[in-house]
Amino acid sequence: MLKVGSIEEKGGEYSISREYYRQGMIFKDEDAYRNRKDEPCYVPELSDSVYTGNDILNICNGQQEFADELFEGLDWQHPETLIEDWIRNEEWVICEGCGKLVDYGDGCNDKVCPNCGKEVEP
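Residues numbered from 1 in each chain as written. Predicted model: local features only at pLDDT ≥ 70, side-chain atom pairs only at ≥ 80, totals over all residues. Heavy atoms only, no water.

S.K.: Just checking my understanding: could you explain the pattern of salt bridges for this structure?
M.R.: Between side chains of opposite charge, a pair can form when the charged atoms approach closely. Here the structure, examined in full by the defined rule, presents 10 salt bridges. Note that arginine 36 is salt-bridged to aspartate 29, the shortest N-O span being 3.8 Å. Owing to a relative accessible area of 29%, arginine 36 belongs among the partly exposed residues under this scheme. Two residues, arginine 88 and aspartate 85, come together in a salt bridge whose shortest N-O distance is 2.3 Å. Separated by three residues within a single helix, arginine 88 and aspartate 85 lie in helix 4 (residues 79–88), roughly one turn from each other. Members of the salt-bridge network, linked through shared partners, are Lys3, Asp29, Asp31, Arg36 and Glu39. (Salt bridge = Lys/Arg side-chain N within 4 Å of Asp/Glu carboxyl O. Buried < 20%, exposed > 50% of the residue type's maximum accessible area, 1.4 Å probe, protein only. Helix = DSSP H or I, 4+ residues; strand = E, 2+ residues; numbered from the N terminus.)

S.K.: Would you take a moment to explain the packing of aromatic side chains for this structure?
M.R.: To describe a pair of aromatic rings, you give the distance between the ring centres and the angle between the ring planes. Under the criterion given, the structure shown has four aromatic pairs. With a centroid separation of 4.8 Å and an interplanar angle of 80°, the aromatic rings of phenylalanine 66 and tryptophan 92 are classed as edge-to-face. Of the two residues, phenylalanine 66 sits in helix 3 (residues 64–73) while tryptophan 92 sits in strand 8 (residues 92–94), which places them 26 residues apart along the sequence. The pair phenylalanine 66 / tryptophan 92 is uniform in exposure class, with both members buried. Three or more aromatic residues link up through ring pairs in this structure, and these residues are Phe66, Trp86 and Trp92. One Lys or Arg, lysine 37, reaches over the ring of tyrosine 33 and ends 4.1 Å from the middle of that ring. (Phe/Tyr/Trp six-rings, centres within 6.5 Å; stacked < 30°, edge-to-face > 60°. Lys NZ or Arg CZ within 6 Å of the ring centre and 35° of its normal.)

S.K.: Mind showing me how you'd approach helix 4 here?
M.R.: Three- or four-residue spacings in an α-helix give side chains the same orientation, since the helix completes a turn every 3.6 residues. All buried positions along helix 4 are accounted for by Pro79, Leu82, Ile83 and Trp86. Buried residues of helix 4, viewed axially, fall in a sector of 100°; they line one side. In this fold, the buried residues of helix 4 make contact with strand 6 (40–43), strand 7 (51–52), helix 2 (53–59), helix 3 and strand 8. Positive phi appears at glutamate 90, one or two residues downstream of helix 4, with a value of about 60°. (Arc of directions from axis to C-beta. Contact = heavy atoms within 4.5 Å.)

Next comes the structure, spelled out in structure tokens:
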């Protein structure tokens, strides 16, 4: 499993050691993301914001498949920023009916929310 950099907790503070990955200097731990949801799994470049697997899942409204795709895509930015980019680029859509994410890009072009059945548009 992918591991980039390292992180240690010392007295409630984190000591972060970043390494280069794709586009930036980050910490990223796939094993922590997949198997230890309450442990740090990602720290973006130029920030000391520490994200756990549960944080990423919560950002994605509890939708595991979107959280997995988001975690995979992270390579320098905050998760919230990458979601904003994907929504702006019409890859993901937020359903106006229920607020859940809908996969609109990559050839999927889901036109109906699988959660509530409402038609969605970018």
